[in-house]
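Analysis of the macromolecular model
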Amino acid sequence: MLDKVELSVSAYDTSWVAMVPSPSSSQNAPLFPQCVKWLLENQHEDGSWGLDNHDRQSLKKDVLSSTLVSILALKKWGAGERQINKGLQFIELNSASVSDETIQKPAGFDIIFPGMIEYARDLNLVIPLGSEIVDAMILKRDLDLRSERFSKGREAYLAYVLEGTRKLKDWNLIVKYQRKNGSLFDSPATTAAAFTQFGNDGCLRYLCSLLQRFEAAVPTVYPSDQYARLSIIDTLESLGIDRDFKHEIKSLLDETYRYWLRGDEEICLDLTTCALAFRLLLAHGYDVSYDPLKPFAEESGFSDTLEGYLKDSFSVLELFKAAQSYPHESALKKQCSWTKQYLEMELSNWLKTSVRDKCLKKEVEDALGFPSYASLERLDHRRKLLNGCAGENTRVTKTSYRLHNICSSDILKIAVDDFNFCQSIHREEMEHLDRWIVENRLQELRFARQKLAYCYFSGAATLFSPELSDARISWAKGGVLTTVVDDFFDVGGSKEELENLIHLVEKWDLNGVPEYRSEHVEIIFSVLRDTILETGDKAFTYQGRTVTHHIVKIWLDLLKSMLREAEWSSNKSTPSLEDYMKNAYISFALGPIILPATYLIGPPLSEKTVDSHQYNQLYKLVSTMGRLLNDIQGFKRESKEGKLNAVSLHMKQERDSRSKDEIIESMKGLAERKREELHKLVLEKGSVVPRECKEVFLKMSKVLNLFYRKDDGFTSHNLMNVVKSVIYEPITLQDESLT
């Protein structure tokens, strides 16, 4: 599937290629007669030419453009009188669409279409459009062409629509856009027009290679293999089924990386392909430079391109996504800022109504509403499958075209079946965890919050594949138990009980008879002990060594940090902000959730790796970020309850004139910097920590940023519907969605 790129053919471009005269026949015969033959044989029943699209009404101008140029090609060579008449009838019946501003225009329509009408006059062909419509279009075109406005983007645009202008007489204005393959903009139509006008050998070489590849009908963009293949990878990942194509994806990205390193034009001269390649290569661990995207750090760089002149929202969306993939690069921060503002402005002015544009609008809304640093994979997969656009693979440049295998009905069916299969496993695991809570009497601890759904959801929405079951179970149990322990130290236990629990974990005597100060301590220690031992046994099968001692230490560090906070509270003492944060990143309680799970992902983690600065820095960064986000969002609630909080401590101890809101904004900035440091560490090459294990910390970062975006996640009920959608609600698509 990844090797074969299926491009739809373009009647529009095939017609322009068909009009190229043979140099050896005194201009009286076509150089590519097979294209003329294809046009004769591929007219639609209604008399039109163009993509057979389910969204034909919103693309009516595209259809009219393709039909008119097909008529011109046949008329030029005196062929297909019946087809010409039928095509003219179609144009007459749909003439109102030419001036209908609610219908999407292909790129360059306002210049190319009136140019074709003038060419029809040269061929003594009357196009059945009202004179007022034609005169208005030609006047508008002439005013545009006479405009003294200059920009690099406009200059590129005028060369791009060369087949419509026939006015650019200076080859030196055109040649700067010629690719190594001989084409102009990889566009058969533009290249055919350039060869017809200037007779350039490079253009001829490109056109001949095109017909050798496609025989009789050409696509509207060629080559586009790199973009098509990268789009397939992006689609597979966005639907959550890329793990079934690991070897194919690796092979293709290796090839793309080789193209990237040598600055291949197919990647580097196409803005959308370049941004997509950068994002995917970076995500898969390739060492890629930002240099090819540097010109677009500012909006002015984008404006100087053809895509910028055409106000191509799709290209801006890809630039926005690429910018989020490496947030600590200052130029990419600028790129992220202007592309976000650009897309927000586009959304506020969105008037387009085609199926394609509705889908693009949804993509833009999702990209802005669910930034990559706060999006969970399974939610993204579900949203993609249910928004009705997963199978939409139509693009529009000068004409519409389709990349058939980017998201076929087969791929959609695989994705739906996979989502529902994984979900059935998740439901079974939830049932197991429900029983585990009852069997260990956790529901008897009335002081403890019951947060199993949240705890399991955060693992299932990120570590969703079936083979990660042990990691999910460990993650969820760690989340449940840290919540229980937090509440025990906060409100449920006496000082003697807290010290008793710590002593039992510190002693870790599995042979003696434990001495419990209370039934609460017995319940908590028993489930802690059994869970630590269970996780240690499972980890042994992955790691081939004993790691139980490390899991015990993780828990002991947490319990001691919580005791320290309890003592500050009972003594009514106020620690310094520095002392608070040194303790608070541990007491935030991510250790027992994340760290044991890294043993259950797959790659071996040696004791040296676990003791390394990098491993512990990953933990510290995500925990510090989480603590800051929690304290910011929980400030009002915790202040009322008299609890320590980074915001309140800052307000008490920092002697400056800043307001509470200014302090909170400053802390948000600090949390963002910690997130960016974490992201940078995950992407760093030559790491002692395996990439798969580093990704676990990044996944938790995304969970925290989602949970704390609008509210304190553990005190909000807004997420419950989202939790249910991932664990309990299967996806059902209508049959027509799969066709």
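Residues numbered from 1 in each chain as written. Predicted model: local features only at pLDDT ≥ 70, side-chain atom pairs only at ≥ 80, totals over all residues. Heavy atoms only, no water.

It is worth spelling out helix α36 (residues 720–727) at this point. Along α36, the residues classified as buried are Val723, Ser725, Val726 and Ile727. The secondary structure elements touched by the buried residues of α36 are α21 (377–386), α22 (409–439) and α23 (452–460). (Buried < 20%, exposed > 50% of the residue type's maximum accessible area, 1.4 Å probe, protein only. Helix = DSSP H or I, 4+ residues; strand = E, 2+ residues; numbered from the N terminus. Contact = heavy atoms within 4.5 Å.)

Topologically, isoleucine 103 is positioned in the loop between α4 (81–93) and α5 (109–122). When its relative accessible area of 7% is taken as the criterion, isoleucine 103 is described as buried. Counting along the chain gives 495 residues from isoleucine 103 to threonine 598, while the straight-line C-alpha distance between them is 53 Å. Not counting the four nearest positions on each side in its chain, isoleucine 103 is found in contact with Gln57, Ser58, Lys60, Lys61 and Ser97.

We now examine helix α3 (residues 60–76). An ideal rise of 1.5 Å per residue puts 24 Å on 17 residues; α3 measures up with 24 Å between its terminal C-alpha atoms. The buried fraction of α3 amounts to 15 of the 17 residues, a majority that puts the element mostly inside the structure. Of the residues trailing α3, glycine 78 is marked for its positive phi of about 65°. (Expected span 1.5 Å × (residues − 1).)

Relative orientation of the contacting elements helix α31 (residues 613–633) and helix α34 (residues 660–683) amounts to 155°, with a least axis distance of 9 Å. Taken together, the axes of α31 and α34 lie roughly antiparallel to each other. Like other packed secondary-structure pairs, α31 and α34 cross with a definite hand, here left-handed. For the pair formed by α31 and α34, the contact residues are Gln614, Gln617, Leu618, Leu621, Val622, Thr624, Met625, Leu628, Leu629 and Ile632 on the first element and Ile664, Met667, Lys668, Leu670, Ala671, Lys674, Arg675, Glu677, Leu678, Leu681 and Val682 on the second. (Axes fitted to C-alpha atoms, helices over the stretch in contact; angles between N-to-C directions. Parallel < 35°, antiparallel > 145°, perpendicular 65-115°, else oblique. Left-handed = near helix turned anticlockwise from the far one by under 90°.)

A separate point is the side chain of arginine 279. Mapped onto the fold, arginine 279 is located in helix α15 (residues 271–283). For arginine 279, a relative accessible area of 15% gives the class buried. Of note is the side chain of arginine 279, whose polar atom sits 3.1 Å from the side chain of aspartate 234. Here glutamate 318 takes part through its side chain, which lies 3.2 Å from a polar atom of the side chain of arginine 279. Setting aside residues up to four positions removed in sequence, arginine 279 forms contacts with Asp234, Glu318, Lys321, Ala322 and Ser325. (Polar contact = N/O pair within 3.5 Å; in protein donor to acceptor, adjacent residues only side chain to side chain.)

The next point concerns the pattern of salt bridges. One pass over the full model with this rule turns up 46 salt bridges. A salt bridge links aspartate 490 to lysine 643; its shortest N-O distance comes to 2.7 Å. Taken together, the residues span a long stretch of sequence, with aspartate 490 in helix α24 (residues 469–492) and lysine 643 in the loop between α32 (635–640) and α33 (646–653) at a distance of 153 residues. Its salt-bridge partner being lysine 668, residue glutamate 665 comes within 3.5 Å of it at the nearest N-O pair. Remark: lysine 668 and glutamate 665 occur in helix α34; sequence separation between them is 3 residues, near one turn of the helix. Lysine 668 sits in the partly exposed class, given a relative accessible area of 38%. (Salt bridge = Lys/Arg side-chain N within 4 Å of Asp/Glu carboxyl O.)

What follows deals with the confidence of the model for the chain. Taken as a whole, the chain shows an average pLDDT of 92; of its residues, 95% reach a score of 70 or greater. The low-confidence segment residues 735–739, where pLDDT is below 50, has 6 contacts with residues more than four positions distant or belonging to other chains. (pLDDT = per-residue confidence, 0-100.)

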